[in-house]
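# Chains, contacts and geometry: an overview
One letter stands for each residue in the lines below.
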Amino acid sequence: MSSRRAWPILSLLLGLVSPRGAGAALGGDAASIAADSATLGGTREITRTVAWEVHVLRLPSGTVVREYVLRGGKVFAIAWGGPVIPNLRLLLGSYFEPYVKSPQGRASGHHLRVVATPNWVVQSAGHTQGFLGRAWLPTELPAGFDLDTVRAW
Amino acid sequence: MVTRGTLVAYAFALIACGSSSTQTDAGADAANTNDADVDAGVINVAPVIVDQGPAGVGAVNVLYTTITLCIPGTTTCQTIDHVEVDTGSVGLRIVSSVLDAFLILPAATAGSGNPLIECYQYADGYNWGPVVTADVHIGGETAASVPIQIAGGAASTPAPSACSSAGSEEDTVPTLGGNGLVGIGFQAADCGNACANTTTPRTGSYYSCTGTTCTPAAVPIASQVQNPVSLFPSDNNGVAVELPAIDPGGAATVTGSLIFGIGTASNNALGAAQIITIDATTGYFTTVFADQTLAASFIDSGSVSYAFPDTAIPQCTTGSLTGFFCPPTSLSLMATNTGQNHVSIATPFNVADANGLYGNGDAALNDLAITAFTPGYFDWGLSFFYGRTVFTAISGAMTPGGAGPYFAY
């Protein structure tokens, strides 16, 4: 939620832009992606299909984040890949705390973490200098969307 | 269990084999050493074990070794068992709570003079703690004045958001799964140029901290947390992990060897092993499996199992085994691993019912596999290591098989 942002003033401004609350990227709207991009730095490119947009954020760390947002709707998926895990608290928003507090599955080691619920899924994998992961909202996926395209590596 | 150690054993070992360990051309001196001599004088081997880990951890497919830390230049030391052996990360990290009070290791400082505190990420979380310097003994090898991390050793300085936002904190024995973790992967330093950049040091890695305020710090590569292997006087170009074959049903515990150096002694020759070179940044090679080209693949002793995408193999229905494969009968599968050098290795592997495997209470399971949730990679975890010798060559280091980085098996 916006209350976790480091800069309350920015949150307030975003609140004005998006009356329902810009919140975090996942589950938020396109404005929340712009806010993510402003906070994380780097560049942002947008490609559009009829139903959704893909925002590609190239962060200063070298990590690439791709956010998938319904046109006029919610961010329904995020992928990342690169030398550093991006700021998942920002990108996952209200899903971050449940993600980190979920019990690990049976001994998956340090190179994989998965939390799957009916409404949200987060998958993080990889090793030093080579991380990859994705998150999505199963109930928000547009018709005809291929989950295998949610990747940034 | 963590025990206070002495240097007597190490000093004795070093004296006993000093003539071979101090050769500058280590590759040439050991060719005529027979087995008896190796047993008596070998210094480049550390015993490793796959067991249930420290009390309360209940580990499965986690590889451990024992390490002795000393205050640099002194004989004030502590021996720490159940340190995880991870070829998928870099650097030695010890959980602060296992350190004895007498082992006061000198703290590293940032360029600002403030304490240097590191955030080190894994896919599932992070370590947060100060960088200190220690003499590190593993097997008979010694690396002097090694920058290491004390996980959880900066409790009064909360991790910055860019760190804590990577996942969950793993600075206790139960959350880390060991008393520490030694990363002996393909890099010599745990970050590299990105963290040495004095203009814009990478966020989420090294921090200069004063009070509870931390700002990203530029750290020269040699001052970053180091792969201790690369700082050994010899046998420093990589490692070999050697584990015996086990039965398909698993084994209660398994012991093996962590051998330092590649082609530097009689016990670490490449022999028939084939080399696949890897991307110098990511460590990836390409696995082709079931008509899928998986370009972000890696070999990693710190992963508990095989992980690969496959929609045909039934997954387990038990909640705690979400994502693991539970085929009704064991499967014999084949994949091909191809390096950047275009060398391909046809690699057979087996997958068995994870529910049945876990039911045995064994700590070592060779046919354990989980679905790769993110598309595009095959993780050859500890399941892969049984019955093999797996080499990991450090980036830029010369070996008889060429320069690292590479994997060979």
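Residues numbered from 1 in each chain as written. Chains lettered and ligands numbered in written order. Predicted model: local features only at pLDDT ≥ 70, side-chain atom pairs only at ≥ 80, totals over all residues.

### As for the overall build of chain A
On a plain count of helices and strands, chain A comes out with 4 helices and 7 strands. What you see in chain A, going N to C, is helices and strands ordered as α-α-β-β-β-β-α-α-β-β-β. When burial is assessed residue by residue, chain A has 53% of its 153 residues classed as buried. Contacts in chain A between residues far apart in sequence, at least 24 positions, make up 39% of those at least 6 positions apart. (Helix = DSSP H or I, 4+ residues; strand = E, 2+ residues; numbered from the N terminus. Buried ≥ 20, exposed ≤ 12 C-beta atoms within 10 Å, placed from the backbone. Contact = placed C-beta atoms within 7 Å.)

### Considering the overall build of chain B
When its secondary structure is counted, chain B shows 7 helices and 26 strands. Expressed as a percentage of the 409 residues in chain B, the buried residues total 58%. Sequence separation of at least 24 residues holds for 70% of the intrachain contacts in chain B that already meet a minimum separation of 6.

### Things to note about the pairing of strand β5 (residues 112-116) of chain A
All names here are of chain A. When you tally the buried positions in β5, you get 4 out of 5 residues, the bulk of the element. Sheet analysis places β5 next to strand β6 (residues 121-127), joined by 5 bridges and oriented antiparallel. Across the sheet, R113 pairs through a bridge with S124, a residue of β6. Between the antiparallel neighbours β5 and β6 lie 4 residues. (Pairing = 2+ DSSP bridges.)

### A look at the sheet that holds strand β2 (residues 52-58) of chain A
Backbone hydrogen bonds are what pair the strands of a sheet, in a parallel or an antiparallel way. Residues and elements named next belong to chain A. Read from one edge to the other, the open sheet built from 7 strands follows the order β1-β2-β3-β4-β7-β6-β5, with strand pairing classed as antiparallel. Where the open sheet ends on each side, the last strands, each with one partner, are β1 (43-48) and β5. With direction set aside, neighbouring strand axes in the sheet form an average angle of 10°. Against the sheet, helix α2 (residues 30-40) touches β1, β2, β3 (64-70) and β4 (75-82), its axis set at about 5° to β2. (Axes fitted to C-alpha atoms, helices over the stretch in contact; angles between N-to-C directions.)

### Quick notes on the interface of chain A and chain B
Opposite the 38 residues of chain A that make contact, chain B presents 50 residues. Among the secondary structure elements, those contributing two or more residues to the side of chain A that touches chain B are α3 (88-92), β5, β6 and β7 (130-136) of chain A. When grouped by side-chain class, the residues that make up the side of chain A that touches chain B number 16 nonpolar, 16 polar and 6 charged. (Nonpolar A, V, L, I, M, F, W, Y, C, P; charged D, E, K, R; others polar.)

### Some details on unusual backbone geometry
Residues and elements named next belong to chain B. Of note, the bond from G404 into P405 is cis; its omega dihedral lies within 30 degrees of zero at 15°. The phi dihedral of H82 is positive, around 50°, even though this residue is not glycine. Here H82 lies in strand β4 (residues 77-86). Judged by the 25 C-beta atoms lying within 10 Å of it, H82 falls in the buried class. Positive phi outside glycine occurs at D291, with the angle close to 65°. By secondary structure assignment, the location of D291 is in the loop between β16 (285-289) and β17 (292-299).

### Describing the domain arrangement of chain B
Residues and elements named next belong to chain B. By the assigned domains, chain B splits into domain 1 (2-31 + 47-231) and domain 2 (238-408). A straight line from the C-alpha centre of domain 1 to that of domain 2 covers 24 Å. Across the boundary between the two partners, domain 1 contributes 32 residues, which contact 37 residues of domain 2. Counting only elements with at least two residues in the side of domain 1 that touches domain 2, the list comes to α2 (26-29), β2 (45-50), β3 (63-70) and β4. Classifying every residue of the side of domain 1 that touches domain 2 gives 16 nonpolar, 12 polar and 4 charged. (Domains from an automatic or database assignment.)

### What to know about the sheet that holds β16 of chain B
All names here are of chain B. If you trace the 7 strands from one edge of the open sheet to the other, you get β20-β19-β16-β17-β22-β18-β21, paired in mixed fashion. Where the open sheet ends on each side, the last strands, each with one partner, are β20 (344-351) and β21 (369-371). In this sheet, β17 lies alongside β16 in antiparallel orientation, the contact comprising 4 bridges. Within β17, the residue paired with F289 across the bridge is Q292.

### Description of the environment of I299 of chain B
All names here are of chain B. Of note, I299 is situated in strand β17. Its 29 C-beta neighbours within 10 Å are what place I299 among the buried residues. Taking C-alpha positions, I299 is 25 Å from P174, a pair spaced 125 residues apart along the chain.

### Re α2 of chain A
Three or more residues of α2 of chain A are buried, namely A30, S32, I33, A35, D36, S37 and L40 of chain A. Downstream of α2 of chain A by one or two residues, G41 of chain A has phi in the positive range, about 80°.

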